[in-house]
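# Survey of secondary and tertiary structure
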Amino acid sequence: MDDRNGWGRERPAPTGLPRNPPTSFVEQANVTNERIHEEFDEPASWERAADLLAWDEPYDTVLEDEEAPFYRWFTGGTLNASFNCLDRHIEAGRKTHTAIRWEGKRGERETYTYQDLFVEVNELAAALRDLGVGEDDVVTIYLPMIPELPIAMLACARIGAPHSVVFAGLSAEALATRMDAAESEYLLTCDGYYRRGDAFNQKSKVDNACIALDHDVQTIVVDRLGDDLPHVLGDGERDYHDLREEFSGETVDPVARDAEDMLFLMYTSGTTGEPKGVVHSTGGYLAHVAWTSHAVLDVKPEDTYWCAADIGWITGHSYIVYGPLALGTTTVMYEGTPDYPDRARLWEIVDRNAVDVFYTAPTAIRAFMKWGAEYPAKHDLSSLRLLGSVGEPISPRPWDWYHERIGGGECPIVDTWWQTETGAITVSTLPGIDEMKPGSAGPPLPGIDARVVDDSGTEVAPGEAGYLVLARPWPGMARTLYDGDDRFLEEYWTQFSDPETDRWWYFSGDAARIDEDGYITVLGRIDDVINVSGRRLSTMEIESAIAGVDGVAEAAVVGRSSDANGTDVYAYVSTEGHSENGDAIREAIVESVESTIGPIARPAEVIFTPELPKTRSGKIMRRLLAAVANDEELGDTSALRNPEIVGEIQAEIGDEGEANERN
Ligand code: WT7
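This section reports on the structure supplied with the text. Worth saying up front: this structure is predicted, and the values here are computed from it rather than measured.

Parameters and conventions
Residues numbered from 1 in each chain as written. Predicted model: local features only at pLDDT ≥ 70, side-chain atom pairs only at ≥ 80, totals over all residues. Heavy atoms only, no water. Axes fitted to C-alpha atoms, helices over the stretch in contact; angles between N-to-C directions. Helix = DSSP H or I, 4+ residues; strand = E, 2+ residues; numbered from the N terminus. Parallel < 35°, antiparallel > 145°, perpendicular 65-115°, else oblique. Left-handed = near helix turned anticlockwise from the far one by under 90°. Contact = heavy atoms within 4.5 Å. Nonpolar A, V, L, I, M, F, W, Y, C, P; charged D, E, K, R; others polar. Buried < 20%, exposed > 50% of the residue type's maximum accessible area, 1.4 Å probe, protein only. Near = heavy atom within 4 Å. Polar contact = N/O pair within 3.5 Å; in protein donor to acceptor, adjacent residues only side chain to side chain. Core = buried A, V, L, I, M, F, W, Y, C linked by side-chain atoms within 4.5 Å. Patch = residues over 30% accessible without salt bridge, like charges linked within 9 Å, V, L, I, M, F, W, Y side chains within 5 Å. Areas by Shrake-Rupley, 256 points an atom, 1.4 Å probe, with all protein chains shown as cover. Salt bridge = Lys/Arg side-chain N within 4 Å of Asp/Glu carboxyl O. Lys, Arg positive; Asp, Glu negative; His and termini not counted. Charge placed at Lys NZ, Arg CZ, Asp CG, Glu CD. Pairing = 2+ DSSP bridges.

It is worth spelling out the packing of helix H6 (residues 148-159) against helix H11 (residues 314-326) at this point. For the pair H6 and H11, the least separation of the axes is 11 Å and the interaxial angle reads 60°. As the angle between them shows, H6 and H11 are arranged oblique. Where H6 crosses over H11, the handedness of that crossing is right-handed. Of H11, the residues touching H6 (which contributes Pro150, Met153, Leu154 and Ala157) are His317, Val321, Tyr322 and Leu325. The class makeup of the residues in the contact of H6 with H11 is seven nonpolar, one polar and no charged.

Shown next, in the form of structure tokens:
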């Protein structure tokens, strides 16, 4: 396989000393059966996940595998996700229990009980129906972290319309590409939102996206900013609050969806420039997120649970909205950033809300570490019972810091490995059972068959690097890509699968190591995807944004390890006629990346070079560029047509480094 990022290179991946979960935790854990790993030995074992849901029609078969890898879970069953997240808790007498505790950027606070959420979801569902949204029509949601975002998701789920949430920070062009690919004719958005205290215009991005689309769009606009940013509604645009008033008090019967019907699609970066529309099911997805919220995150209905992610990505879908609400708990939703108005903001929220379970990403933990322990120390964090980590590997040092400074040495940490495509957690310790090894995510969850294999699919020896594959299906798995089944097969089921022998092994795109106890340490992506602050970006997509800039001849993008962000974007660029106008081009490059993808993809460095290093067949050797960026051994360069260029690039980076140190 083409290992563009060069994970074949040796790389130390130490793990810290193993630790057992504290007895106080084990005594109250949701899952304590030590035999669960062995007992979970057939597809039917997943019934315990499905049992956490309310089904309209019971399913006949747990797993149908005739059309592998197009697996079907809980077939014959019907259910509705919004019913599972709302109605059934109300029917169980938990109307006044808090469903969402929202903490706004400007210190605003809002509380939604399950009844409040039910009322608003129903009103919006009625309005969407009235606008013409039918079952299976894709509704795009382009909202920041305000309560209307989960409300819109649940309203779509109620009427059987799959939602496609686009992260609010993505550009107009990214929005248009996603709406176009999904042929989405309905959009829920807002006028704008606050960024570090300033009013930021979201609606103008929407206007630009709609101009770029070939089809008409009906838009609902939430007025978030009021007088801080007046806006005018055009043709086909309705005000969210007006619609709610119009449909005030209306209810909509939840549509019974087949377990295999699409609940949502979520675009994510793939190995080519085109984002992939990952399709998730209703039954299998919901069962898997509810089960892992229960078994891994140890969520209880009476908990206050906080996943500090953005709902615009899969983590928020699964573990801010669907998992916790399916279990009937209180989920905290935070709109702001960790350092505004000050660096104790998150700990103040934990303290004030007596948060029981806190789930975040290593990039955030590294930032907390850098800021210093005095910020968490200002607050009482003793309500915390369990901590979670997701999005990238967490090394032992930040693990220890998180454990001591946030968890007071008394909370187990679950390091959860999963992906947009897996839908829910697939590798993690079970906090009430398994020993923790800082730096290693843990064993595959019960029922998950994760393996680390070499190119030929043979399992590697303990300690050796290999490819992480999932050799058995699981309920939360993506069913296909909205772009088509062929691309789904191509992206995940060609590398280690063999139709001849009916072997279907899902390829994750990650490299990993496994130890004697079956604990998996994830090393990172081996494809053209890089992970910047826990966000997944396609190097190809960034390259094509750069290639569009006047004066740029060619571009190659790689990741460079960074303490702060996990990975930074490094762009190597050659210019036409070796243009002298470096600063202007650099500015244009940054501007183009921000406008085509979004500020999250902004290059940390743009390095100009007369040529990019290429093989004799003309392929850019990105692995080499990654090695240069990371100051590592270059390995074999004999395949290069222009080896001399490597020295020039190294010199260039050296100069930049010195210049930065001087500044
Ligand atoms: C990629 C998936 C899963 C939700 C957030 C990201 C990396 C994720 C871990 C972890 C090491 C991790 C992998 C994976 N990743 N969790 N605990 N340890 N790496 O979802 O955007 O689909 O990205 O994130 O590289 O392939 P995503």
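Having seen it, we continue.
A separate point is the environment of Phe40. Here Phe40 lies in the loop between helix H2 (36-39) and helix H3 (47-50). Along the sequence, Phe40 and Pro446 sit 406 residues apart, while their C-alpha atoms lie 5.6 Å from each other. Other than its neighbours up to four places away in sequence, Phe40 contacts Ser45, Trp46, Arg48, Trp291, Pro446, Gly447 and Arg472.

Here the focus is helix H19 (residues 622-629). Of all eight residues that make up H19, seven are buried, and the element is covered over most of its length. Taken residue by residue, H19 has Arg622, Leu624, Leu625, Ala626, Ala627, Val628 and Ala629 as its buried positions.

Around the ligand, the structure places 17 residues, and the nearest of them are Asp415, Thr416, Gln419, Thr420 and Arg536. At 2.8 Å from an oxygen atom of the ligand is found a side-chain nitrogen or oxygen belonging to Gln419. Separating an oxygen atom of the ligand from a side-chain N or O atom of Arg536 is a distance of 2.8 Å. Breaking the shell around the ligand down by element, the ones donating at least two residues are H11, strand E20 (413-416) and strand E25 (520-525). Here the shell around the ligand is composed, by residue class, of six nonpolar, six polar and five charged.

A separate point is helix H13 (residues 362-371). Most of H13 sits inside the fold, with eight of its ten residues counted as buried. Taken together, the buried positions of H13 are Pro362, Thr363, Ala364, Ile365, Arg366, Phe368, Met369 and Trp371. Positive phi shows up at Gly372, right after H13, with a value of about 110°.

The next point concerns the nonpolar core. Note on soluble globular proteins: their nonpolar side chains tend to be buried together. Ranked by internal contacts, the top residues of the largest apolar core, which has 122 residues, are Phe74, Leu117, Ile141 and Tyr322. A total of ten residues in this core trace back to one element, the largest contributor, which is helix H5 (residues 114-131). Excluding residues within four positions of it along the chain, Leu117 makes contact with Leu86, Ala99, Ile100, Tyr112, Ile151, Leu154 and Leu325. With 27 residues, the next largest nonpolar core counts Ala344, Phe368, Leu384 and Ile413 among its residues.

Residues Asp180, Glu183, Glu185, Asp214 and Asp216 make up a contiguous surface patch of negative charge. Structurally, Glu185 is set in the loop between helix H7 (172-181) and strand E8 (186-190). Residue Glu185 is classed as partly exposed on the basis of its relative accessible area of 40%.

Here we come to the pairing of strand E27 (residues 535-538). Relative to E27, strand E26 (residues 529-532) runs antiparallel, the two sharing four bridges. Among the inter-strand pairings, Ile530 is bridged to a residue of E27, identified as Leu537. Counting the residues in the hairpin turn of E26 and E27 gives two residues, including Ser533, whose phi is positive at 50°.

A separate point is the pattern of salt bridges. Here the structure, examined in full by the defined rule, presents 39 salt bridges. Residue Glu120 pairs with Arg244 through a salt bridge whose shortest N-O separation is 2.8 Å. Here Arg244 lies in helix H9 (residues 240-246) and Glu120 lies in helix H5, a separation of 124 residues in the sequence. Accessibility expressed as a relative area gives 5% for Glu120, which makes it buried. Classification of Arg244 as partly exposed rests on a relative accessible area of 24%. Arg385 is paired through a salt bridge with Asp303; the nearest N and O atoms lie 2.8 Å apart. Here the residue Arg385 occupies a position in the loop between helix H14 (374-377) and strand E19 (386-390), and Asp303 occupies one in the loop between helix H10 (283-295) and strand E16 (304-307), the gap between them amounting to 82 residues.

The values reported here are purely geometric and, on their own, carry no functional implication.
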